[in-house]
Amino acid sequence: ELLAERTAGLRDRFIREVLGGVPGALLTGPAVQRLPGHASFCFPGTAGEAVLLEVERRGVLCSSGSACAAGSDEPSAVLTAMGLDRETAQTAVRFTLSPHTTPADMEHAARAVIDAVAAVTGAAVQGQ
């Protein structure tokens, strides 16, 4: 139980940082009732695969879409059933925390996501 609470705390901070640092980012699913080691976002106006590659280039492993649709070009059936349109659902990027994830890992992950979305959308260049 303590491990789940610690993991959920790291997840919640990560979610807050990503939502606060990426304009237009959407958390998929409810903010509270979710697995302690799971965070999934959609980044409208981007390609999920492009964001995924940029995040991974920054040393953070993640996945595009849902685990049950891995390897498919179709948007997640779960995300579309939740009411997301196909275009938005295809921008989904999913993160999973382990029992060994540290606060420093999550700080690095949040910065990687923020920087990756900025790179994909060109926001970093526009902001200069």
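Shown above is the structure to which this text applies.
Remember, it's a predicted structure, so these values are computed and weren't measured experimentally. (Residues numbered from 1 in each chain as written. Predicted model: local features only at pLDDT ≥ 70, side-chain atom pairs only at ≥ 80, totals over all residues. Heavy atoms only, no water.)

Sorry if this is basic, but what is going on with the pattern of salt bridges here?
For side chains bearing opposite charge, pairing can occur when the charged atoms are close. Within this structure, the stated rule accounts for six salt bridges. Arg57 is the salt-bridge partner of Glu54, the closest N and O atoms lying 3.2 Å from each other. Taken together, the positions of Glu54 and Arg57, both in helix α2 (residues 48-57) and three residues apart, correspond to about one turn of that helix. Measuring nitrogen to oxygen at the nearest pair gives 2.9 Å for the salt bridge that ties Asp115 to Arg111. In this pair, Asp115 and Arg111 are both assigned in helix α5 (residues 103-121), four residues apart and thus about one turn of the helix distant. Arg111 gets classed as partly exposed once you look at its relative accessible area, which sits at 45%. (Salt bridge = Lys/Arg side-chain N within 4 Å of Asp/Glu carboxyl O. Helix = DSSP H or I, 4+ residues; strand = E, 2+ residues; numbered from the N terminus. Buried < 20%, exposed > 50% of the residue type's maximum accessible area, 1.4 Å probe, protein only.)

Just checking my understanding: could you explain empty space enclosed by the protein for this structure?
Under the counting rule described, the total for this entry stands at one cavity of 30 Å³ or more. Here the largest cavity defines a volume of roughly 30 Å³. Around the largest cavity, the lining residues are Leu10, Arg13, Glu17, Pro103, Met106 and Glu107. Secondary-structure elements contributing two or more residues to the lining of the largest cavity are α1 (2-21) and α5. Residues that form the lining of the largest cavity fall into these classes: three nonpolar, no polar and three charged. (1 Å grid on protein atoms, 1.4 Å probe; cavity = no way out; pocket = protein on both sides within 12 Å on 5 of 7 lines; lining within 4 Å. Points joined across faces, edges and corners; volume = space filled by probe spheres on them. Nonpolar A, V, L, I, M, F, W, Y, C, P; charged D, E, K, R; others polar.)

I'm lost on α2 in this one. Help?
Residue pairs spaced three or four apart in an α-helix point in one direction, given the helix's 3.6 residues per turn. For α2, every residue scored as buried is listed here: Gly48, Val51, Leu52, Glu54 and Val55. One side of α2 holds all its buried residues, which, seen down the axis, span an arc of 165 degrees. Those residues of α2 that are exposed and aimed more than 90 degrees away from the buried face are Leu53 and Arg57. Positioned one or two residues after α2, Gly59 has a phi angle of 90 degrees, which is positive. (Arc of directions from axis to C-beta.)

Can you walk me through the pairing of strand β2 (residues 38-42) in this structure?
A regular strand places its side chains on the two faces of the sheet in alternate fashion. Most of β2 is tucked away, with four of its five residues classed as buried. Alignment of strand β1 (residues 26-27) against β2, held across two bridges, turns out to be antiparallel. Bridged to Leu27 within β2 is Phe41. As defined by bridge partners, β2 adjoins strand β4 (residues 93-96) across four bridges and the pair is classed as antiparallel. By the bridge assignment, His38 is partnered in β4 with Thr96. (Pairing = 2+ DSSP bridges.)

Is there a simple way to explain the pairing of β4 in this structure?
Alignment of strand β3 (residues 63-64) against β4, held across two bridges, turns out to be antiparallel. Of the residues in β4, the one forming a bridge with Ser64 is Val93.

Mind showing me how you'd approach the packing of α1 against α5 here?
Relative placement of two packed helices is described by the angle separating their axes and the distance separating the axes. Remark: α1 packs on α5, axes separated minimally by 9 Å, with the N-to-C direction vectors making an angle of 20 degrees. It follows from the interaxial angle that α1 and α5 lie roughly parallel. In the packing of α1 onto α5, the handedness of the crossing is right-handed. Every residue of α5 that contacts α1 at Leu10, Arg13, Phe14, Glu17, Val18 and Gly21 is listed here: Pro103, Met106, Glu107, Ala109, Ala110, Val113 and Ile114. Across the contact of α1 with α5, the residue classes break down as nine nonpolar, one polar and three charged. (Axes fitted to C-alpha atoms, helices over the stretch in contact; angles between N-to-C directions. Parallel < 35°, antiparallel > 145°, perpendicular 65-115°, else oblique. Left-handed = near helix turned anticlockwise from the far one by under 90°. Contact = heavy atoms within 4.5 Å.)

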